[in-house]
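# Observations on the three-dimensional arrangement
Listed below, chain by chain, are the residues.
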Amino acid sequence: RILRAKGFLDENEIVKLCFMPPKDVRSIINSLFQEGIIEVQEVPQKSGAMIMLYNVNFLKVKNAYSLKITKSLSNVLMRMEDMRRKLNDKISAWTKDQEAAYQAAICKLQLVVSHLDYSL
């Protein structure tokens, strides 16, 4: 929230605004960076040292998580279809209720996937 409200901040500014120990802030920043949620920009100082500024690119985060969700749902659809094939090998015929429940689940998942594809 702080990065969204303030924009580019260095670690010391984040510590001051969060009222958290620097060690905790550093671990949170590293976790968010590894997940691709925050970005780092190195800025040179007059002393020759580099200062790290952190920011959030919400469009990049949205697209990355939309892609992860789409892949997950696609995997679920493929898994359900595979399970159906295996069940059809074992059971000659499903009851109408079983078939209807399966078709409803497939339709819901396909609808979610299509909405995600549209939003990308």
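Residues numbered from 1 in each chain as written. Predicted model: local features only at pLDDT ≥ 70, side-chain atom pairs only at ≥ 80, totals over all residues. Heavy atoms only, no water.

## Thoughts on the overall build of the protein chain
In terms of regular secondary structure, the protein chain is built from 5 helices and 2 strands. Starting at the N terminus and ending at the C terminus, the protein chain contains elements arranged as α-α-α-β-β-α-α. Partitioning the intrachain contacts of the protein chain with sequence separation of at least 6 by distance along the chain shows that 47% fall at a separation of at least 24. Looking at the protein chain as shown, the accessible area adds up to about 9200 Å², and 59% of this sits on carbon and sulfur atoms. (Helix = DSSP H or I, 4+ residues; strand = E, 2+ residues; numbered from the N terminus. Contact = heavy atoms within 4.5 Å. Areas by Shrake-Rupley, 256 points an atom, 1.4 Å probe, with all protein chains shown as cover.)

## Some points on the pairing of strand S1 (residues 38-44)
The sheet contact formed by S1 and strand S2 (residues 50-56) spans 7 bridges and is antiparallel. By the bridge assignment, Val 43 is partnered in S2 with Ile 51. In this structure, the hairpin formed by S1 and S2 is closed by a connection of 5 residues, where Gly 48 is found at a positive phi of approximately 95°. (Pairing = 2+ DSSP bridges.)

## Observations concerning the layout of surface pockets
Looking at the largest pocket, its volume works out to about 250 Å³. If you list the elements that add at least two residues to the lining of the largest pocket, you get helix H1 (2-6), helix H2 (11-18) and helix H3 (22-34). It is H3 that contributes the most residues to the lining of the largest pocket, 4 residues altogether. Residues belonging to the lining of the largest pocket are distributed by class as follows: 13 nonpolar, no polar and 2 charged. (1 Å grid on protein atoms, 1.4 Å probe; cavity = no way out; pocket = protein on both sides within 12 Å on 5 of 7 lines; lining within 4 Å. Points joined across faces, edges and corners; volume = space filled by probe spheres on them. Nonpolar A, V, L, I, M, F, W, Y, C, P; charged D, E, K, R; others polar.)

## Regarding H2
Of all the residues in H2, the buried ones are Glu 11, Ile 14 and Val 15. Along the long axis of H2, the arc covered by the buried residues comes to 100°, so they all point the same way. When the buried face of H2 is taken as reference, the exposed residues oriented beyond 90 degrees from it are Asn 12 and Lys 16. Positive phi shows up at Phe 19, right after H2, with a value of about 60°. (Buried < 20%, exposed > 50% of the residue type's maximum accessible area, 1.4 Å probe, protein only. Arc of directions from axis to C-beta.)

## Quick look at unusual backbone geometry
Although it is not a glycine, Phe 19 adopts a positive phi angle of roughly 60°. Mapped onto the fold, Phe 19 is located in the loop between H2 and H3.

## A look at the packing of H2 against H3
It is at 10 Å that the axes of H2 and H3 come closest, and there the two elements cross at 115°. In the crossing of H2 with H3, the sense of the turn from one axis to the other is right-handed. Note on element contacts: H3 touches H2 through Pro 22, Val 25, Arg 26 and Ile 29, opposite Glu 11, Ile 14 and Val 15. For the contact of H2 with H3, the residue count by class is 5 nonpolar, no polar and 2 charged. (Axes fitted to C-alpha atoms, helices over the stretch in contact; angles between N-to-C directions. Left-handed = near helix turned anticlockwise from the far one by under 90°.)

## Overview of the side chain of Asn 55
Considering the arrangement of structural elements, one finds Asn 55 in strand S2. Given the relative accessible area of 14%, Asn 55 is considered buried. Not counting chain neighbours up to four residues away, the residues in contact with Asn 55 comprise Leu 3, Gly 7, Phe 8, Ile 37, Ile 38 and Glu 39.

## Notes on H3
The end-to-end C-alpha separation of H3 is 18 Å, in line with the 18 Å expected for 13 residues at 1.5 Å each. Directly beyond the C-terminal end of H3, a positive phi value near 80° is found at Gly 36. (Expected span 1.5 Å × (residues − 1).)

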